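Architecture and fold: a report
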Amino acid sequence: MTVRVRYAPSPTGMLHVGGARTALFNWAWARRHGGAFVLRIEDTDKERSTEESERSILEAMEWLGMDWDEGPGVGGPFGPYHQTQRVERHLELSAKLLEEGKAYRCFCGSERITALREEQMANKQNPRYDGRCRGLSLADSTAKAEAGEEFAVRFRVPEGETGFTDHVRGDVSFQNVEVDDWIMLRSDGSPTYNFVVVCDDADMKITHVLRGEEHLVNTPKQVLLYQALGLDVPEFGHLPLMLGTDKKKLSKRTGHTSVQIYRDLGYPRDAVLNFLCLQGWALDGETEVFSVDELIKNFEVKDVSKGGAIFDAEKFQWLAGEYLRQETPAECAAHCAPYVIEAGLMSAEELAARSAWFEQVVAGMQERIRLYSELPEKIAFLFEADDALSYDEKALKNAKKHEVRGDVLAAVLENLLPMLEEGVSASALSEAGKAMLSEKGWKFPALGQPLRCALTGKAGGPDLFDVLIWLGAESSRARIESAIKRFE
RNA sequence: GGCCCCGUCGUCUAGUUAGGCCUAGGACACCAGGUUUUCAUCCUGGCGACAGGGGUUCGAAUCCCCUCGGGGUCACCA
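Predicted model, so just to flag it, every value in this text is computed and none were measured. Every residue gets a number counted from 1 within its own chain, in the order that chain's sequence is written. Here the convention is simple: chains get letters from A, ligands get numbers from 1, in the order in which they are written. For this predicted model, a pLDDT threshold of at least 70 governs which residues receive local features, and a threshold of 80 or more governs which side-chain atom pairs are given and counted, while totals over whole chains, interfaces and linings are taken from all residues. By convention in this description, side-chain values take in all heavy atoms of the structure and omit both hydrogens and water.

Focus: the overall build of chain A
Spelled out, the test is: What counts as a helix is a DSSP run of H or I of at least four residues, what counts as a strand is a run of E of at least two, and both are numbered from the N terminus. Here the radius of gyration uses the C-alpha set of atoms, whereas the globule reference equals 2.2 Å times the residue count to the power 0.38. We call two residues contacting when some pair of their heavy atoms lies within 4.5 Å. Areas reported here follow the Shrake-Rupley algorithm with a probe of radius 1.4 Å; residue values treat only the protein chains shown as occluding. Asp and Glu are treated as the negative residues and Lys and Arg as the positive ones, with His and the ends of the chain left uncounted. For this purpose, a charge sits on NZ of Lys, CZ of Arg, CG of Asp or CD of Glu.
Scanning chain A from terminus to terminus reveals 20 helices and 11 strands. For 488 residues, the compact-globule estimate of 2.2 N^0.38 gives 23 Å, and the C-alpha radius of gyration of chain A, at 32 Å, exceeds that figure by more than 25%. Along the three orthogonal principal directions, the C-alpha set of chain A runs to about 105 × 50 × 40 Å. Considering only intrachain contacts with a sequence separation of at least 6, the fraction spanning at least 24 residues in chain A is 76%. Here chain A has roughly 23300 Å² of accessible surface; of this, 48% comes from carbon and sulfur atoms. Charge-centre separation for chain A: the mean point of 58 positive side chains lies 5 Å from the mean point of 78 negative side chains.

Below you can see the structure in the form of C-alpha cells.
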C-alpha cells in the first residue's frame, strides 16, 4: 500500500509552528516511504478564511522546503484541493447516509439546542443532544423538509464502543454514548469539519492521518463515520501539542507562534526545521543538530513523544546560531543583506557595489550573532561619522585606564596606518602591532582598549585588525585622531 | 465537572515495547575554570530528574493498582 498523508490547514492566519511541525512530520513520513504528501485547504469557515492567509501559508511551506505532491498550484488526481469546492460530494454522501438512516434531520433549531445546553449545564449535567428528532421517520422528516422547515443533519451514533490504535499513543477507545449525535450539515446546508474531513480524506485515499492531539477526541466520530460510509478507516497518529511557557497550547500570549515571524526575525531556515523536529522527536538522543535528510531517513511516528513540549525559545536561538555559523560568508551575507538595508546602513546598490567588503565584514561577525537580524546593530559603528563616533561609557572608561593611550594611538598612526594604506592583510597588521608593543614594552590591553574605543566606540566586538581593514586607512586615521583629542 | 491523553534534570529529550548494560545519557540554560586584544566562538568541569504511594520480582525509570499533578476536548469553529 502506498502511503498517502496530508496536511490540511485552514487559511485563517499565519502558519502556526505547531501546524508546521505537523506538516513536517507528515511530509517526512511520505518522503521516507516514497508516498504522497497532499496539501488541502480547509476553507469551510467562510467568516475567517482569507486568500491572503492561504497565500502566506503556502509561501511559508515553500520557504521551509516542504513540497507537496498534490494540492494548490500543482493539482492532482483527487482534486479539487479546496474544501469549499468539494461540497457537492459532501452533500451526496450526506444524502446517502440520510437515506440509509445512518444520519437524520434535526429540526430543533440552534435556539432550542442552545437553551437545552444551558439548562443541562445549570443542572450540572453534561451538555448533550437529547435525541428529540432521532426517532422521526424518514418519511416524516422528508415531508417536514419539503414543507420548508429548517433542519440540520445529525450523525446517528450507534451503541457500543469505538477504538483505534493510535501510532503514537497505542490503543485508545471511547464509549459511543460519550459521542454526541454530532451535526454533519448545518441548517444553512453547509457541511461541518468532522464530516468533510472524513469525506475528503477518504476520497483522497489518505492512509495515515497525523495531526495534533487536540483532534484525538474527534477521532471516534470520524471512525464511526468511515464505518457508516463503508470505507476503510485510515491509521491515526496524534502528535503532542506544542506548549507555551504557561504549559498551555502555544498561543500569542506567551510568544511568537508563526513560522513567518521567525523567518522575518532572521532565523535560518534549516534551524527552524531542525528545531521543529526536536519538539517531540529525537534522532538518537545525542545528536541535536541534523538535517531534514536525516529526519527523513530515521523518522518513525511511533518514536514521537506522547507528552506536550514547551517551546524552548532559548534553545531555538542557540540552534539558529549553530546554523548561521555553518554558512559560508557569502551565504550568510546574502541572508543578512535585507536587514542591513532595512536598518538604513546601506542601500541595495551600495551593498551590490561593495559585496566583497560586506562578505568580509560578515565573516568577521558570524560567530557573534545568532540571527541574521542581529547584524545591523552590531556593525552600525562602521557607518557612523568618523569625527563624532558615539562612545559607550564602558568603552571610554576602559580606554582611559591606560596612561599611555595617547602615545599608543600615535604609534598606531605612525606604524600601522602606512601599512593599512598599502593594503596588507589583518594578520600582517596584527604581527606588526604586536612587534610594536614588545618594542615599546606595552601590554596588549594598552593598545586594544583605547584603539577599540577609538574605532568602534564599544567595549567589545570583532577583531581590531579586522576593524582597521573594514574601516580603511582614511576612516581609521580620522577616528584615531579624533580619539586622541577626545581622550584628553 | 464528564470523557480522553499525558507525567524522566528549570526546558527539549535518550532509556519504557523485549525488567538487570541506569550509582539514569545527551542538549539548551545556569555556574566555575581555560583559550583569546575585548565581545563572541571554542574547550573542560559543575549543578540538576525517574510526581507520590503501594504491589509483583532476586532485581523496576521500565510491569500492575491507587493517589496526585498537568493538558486536551466537550460548537450548526477547524
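There's more to say after this.
Let's talk about the protein's contact with RNA strand B
As a reminder, the rule being used: Put simply, a residue is near a molecule or strand once any heavy atom of it comes within 4 Å of that molecule or strand. Under this definition, polar contacts are N or O atom pairs within 3.5 Å; protein pairs additionally need one hydrogen-donor-capable and one acceptor-capable atom, and for neighbouring residues in sequence, both atoms have to be side-chain atoms.
In the neighbourhood of RNA strand B, 60 residues make up the surrounding shell, with R169, R186, E367, G461 and D463 lying closest. Sugar plus phosphate: this is where 69% of the atoms of RNA strand B within 4 Å of the protein reside. A distance of 3.1 Å separates a sugar or linking oxygen of RNA strand B from a polar atom in the side chain of E213. Note that a base nitrogen of RNA strand B is positioned 3.2 Å from one of the side-chain N or O atoms of K315. Elements represented by at least two residues in the surface near RNA strand B include exactly α4 (109-122), β6 (170-175), α6 (193-203), β11 (309-310), α11 (313-326) and α19 (444-456). Looking at the surface near RNA strand B, the element that brings in the most residues is α11, giving 5 residues.

Considerations on the domain arrangement of chain A
A common measure of how large an interface is: the accessible area buried when the components associate. Quick reminder of the rule: Residue ranges for the domains originate in an automatic or database domain assignment.
Under the domain assignment, chain A is made up of domain 1 (4-241), domain 2 (259-326), domain 3 (328-379) and domain 4 (384-488). For domain 1 and domain 3, the distance between their C-alpha centres works out to 47 Å.

Focus on the pattern of salt bridges
Rules: Each reported salt bridge corresponds to a side-chain nitrogen of Lys or Arg within 4 Å of a carboxyl oxygen of Asp or Glu. Here the term buried applies to any residue with accessible area under 20% of the maximum for its type, exposed to any over 50%, and partly exposed to those in between, with areas from a 1.4 Å probe on protein chains only.
Considering all chains together, one arrives at 28 salt bridges under this definition. Linking D67 and R31 is a salt bridge whose minimum nitrogen-to-oxygen distance equals 3.4 Å. Highlighted residues: D67 in the loop between α2 (51-64) and α3 (87-99) and R31 in helix α1 (residues 17-32), separated in sequence by 36 residues. A relative accessible area of 40% places D67 in the partly exposed class.

Describing the layout of surface pockets
Quick note on the threshold: Buriedness for pockets is judged along seven lines, at least five of which must meet protein on both sides within 12 Å for an open set on the 1 Å grid over protein atoms alone, while cavities are sets there where a 1.4 Å probe fits but cannot get out, and lining residues have an atom within 4 Å of a point. Grid points are joined across faces, edges and corners, and a volume is the space filled by probe spheres set on the points. Nonpolar residues are Ala, Val, Leu, Ile, Met, Phe, Trp, Tyr, Cys and Pro. Charged residues are Asp, Glu, Lys and Arg, and all others, Gly as well, are polar.
Estimates place the volume of the largest pocket at around 1100 Å³. Broken down by secondary-structure element, the contributors of at least two residues to the lining of the largest pocket are β1 (4-7), α1, α6 and β8 (208-212). It is α1 that contributes the most residues to the lining of the largest pocket, 4 residues altogether. Per-class residue counts for the lining of the largest pocket are 14 nonpolar, 14 polar and 11 charged. There is about 370 Å³ of room inside the second largest pocket. Lining the second largest pocket are 20 residues; nearest its centre among them are D201, A202, K205, I206 and D232. Counting residues per element, the ones that place at least two in the lining of the second largest pocket are α3, α6 and α7 (219-229). Among the residues forming the lining of the second largest pocket, the class breakdown is 10 nonpolar, 2 polar and 8 charged.

Side note on the environment of L243
Position of L243 among the secondary structure elements: in strand β10 (residues 242-243). Taking the C-alpha atoms as reference points, L243 and M346, 103 residues apart in sequence, are found 40 Å from one another.

Focus on unusual backbone geometry
The omega torsion across G79 and P80 is 0 degrees, close enough to zero to call that bond cis. If you trace the backbone, P80 turns up in the loop between α2 and α3. The phi angle at K205 is positive, at roughly 60 degrees, despite the residue not being glycine. Relative to the helices and strands, K205 is located in the loop between α6 and β8.

Description of the side chain of Q83
The topology assignment puts Q83 in the loop between α2 and α3. Q83 sits in the buried class, given a relative accessible area of 0%. Among residues more than four places away in sequence, those in contact with Q83 are R40, I41, E42, D43, T44, H90, V196, V197 and D200.

A look at the environment of P240
Following the sequence through the fold, P240 ends up in the loop between β9 (235-239) and β10. A C-alpha to C-alpha distance of 23 Å links P240 and G35, two positions 205 residues apart in sequence. Those residues in contact with P240, other than ones at most four positions away along the chain, are R21, R169, E213, V304, S305, K306, G307 and G308.

Section: a negative patch on the surface
The condition is simple: Each patch is built from salt-bridge-free residues with over 30% relative accessible area, joining like charges within 9 Å and nonpolar side chains (Val, Leu, Ile, Met, Phe, Trp, Tyr) within 5 Å.
Together, D284, E286, D293 and E294 line one region of the surface with negative charge. With respect to the element layout, D284 can be found in the loop between α9 (269-278) and α10 (292-298). Take D284: its relative accessible area is 45%, and that puts it in the partly exposed class.

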